[in-house]
Amino acid sequence: MAYYYPTTYKKDTLPKVTNKKLVSSTPWIEMYNLTYMDPSGSIRSWDSIERTGSSKLSANGVDILAIVRNNSKCDTEKPLLIEKDDRILLVIQFRPPMNKHTLEFPAGLCEENESIEETAVRELREETGYHGKFVSCSPGIVLDPGISNNCTALAQVLVDLDSPENKDPKQSLDSGEFIQVVSVPFEDMLDHINDICLAKNAVCDAKLYAFAFARSF
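For clarity, every value in this text was computed on a predicted model and none was experimentally measured.

Draft legend 1. Highlighting the sheet that holds strand 1 (residues 16–25). The antiparallel open sheet is built from three strands, whose spatial order is 1-2-3. Only two strands of the sheet have a single partner each, and these edge strands are strand 1 and strand 3 (43–51). Neighbouring strand axes in the sheet, compared pairwise and without regard to direction, differ in orientation by 25° on average.

Structure below.
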């Protein structure tokens, strides 16, 4: 595999973490001070956070691209192409670190010994009440690599509105979870997202906004 070096790289010096010191922790989060060697060979320091007990999977959580359509169009086993009348399920919830509501993909963490596929279907059902069929997912992708090693996967799940189990969807939320479900058409998706955020005084998750922004071209 080719490796592309900036002009400041030494070809025999790849950057790497050389030491990791736990600074503080809570039941959910651990903070570390990292010692690392940069591309020039200099030793530097960096602070980072990790989720406690992070999964050994390529991703420790999943964001769910939930495509809603009727039964007559739910007949494919391949990654789905978005069709004109398709809609997407999104969630709005208060995020204390932001002190604001956020508009996001449905998402959640993998439980112990749970696959990405199982997590995607379970989290969609719990957060939105809808039962879906797993279709495909991305490899592990990073969320905020400047401060955390947290990784997720983007899973495509198909929701059949004509299925009996989706006639009266009911959320199954944990104590302290308060999630509003919204259904947005893929057509002019970015405009709908901007309208929702303005109406709800909310901020949009970067992954969702990037997805909608790319579809706007």
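Draft legend 2. Inspection of helix 1 (residues 116–128) at higher detail. The end-to-end C-alpha separation of helix 1 is 18 Å, in line with the 18 Å expected for 13 residues at 1.5 Å each. All buried positions along helix 1 are accounted for by Ile116, Thr119, Ala120, Arg122, Glu123, Leu124, Glu126, Glu127 and Thr128. Close packing links the buried residues of helix 1 with strand 4 (61–69), strand 5 (87–95), strand 7 (107–109), strand 8 (133–137), strand 10 (151–160) and strand 11 (180–185). Of the residues flanking the end of helix 1, it is Gly129, one or two places downstream, whose phi is positive at about 90°.

Draft legend 3. A look at the pattern of salt bridges. Taken as a whole and judged by the stated rule, the model has 11 salt bridges. Arg122 serves as the salt-bridge partner of Glu126, at 3.2 Å between the closest nitrogen and oxygen. One end of the pair is Glu126 and the other is Arg122, both in helix 1 and four residues apart, which spans about a single turn. For the pair formed by Glu126 and Arg122, the shared burial category is buried. Here Asp205 ties to Lys207 by a salt bridge, and the two come within 3.1 Å at their closest N and O atoms. On the accessibility criterion, Asp205 (19% relative accessible area) is buried. Of the residues examined, Lys207 reaches a relative accessible area of 27% and is grouped as partly exposed. The structure contains a network of salt bridges with shared partners spanning Glu111, Glu114, Arg122, Glu123 and Glu126.

Rules behind the numbers
Residues numbered from 1 in each chain as written. Predicted model: local features only at pLDDT ≥ 70, side-chain atom pairs only at ≥ 80, totals over all residues. Heavy atoms only, no water. Pairing = 2+ DSSP bridges. Helix = DSSP H or I, 4+ residues; strand = E, 2+ residues; numbered from the N terminus. Axes fitted to C-alpha atoms, helices over the stretch in contact; angles between N-to-C directions. Expected span 1.5 Å × (residues − 1). Buried < 20%, exposed > 50% of the residue type's maximum accessible area, 1.4 Å probe, protein only. Contact = heavy atoms within 4.5 Å. Salt bridge = Lys/Arg side-chain N within 4 Å of Asp/Glu carboxyl O.

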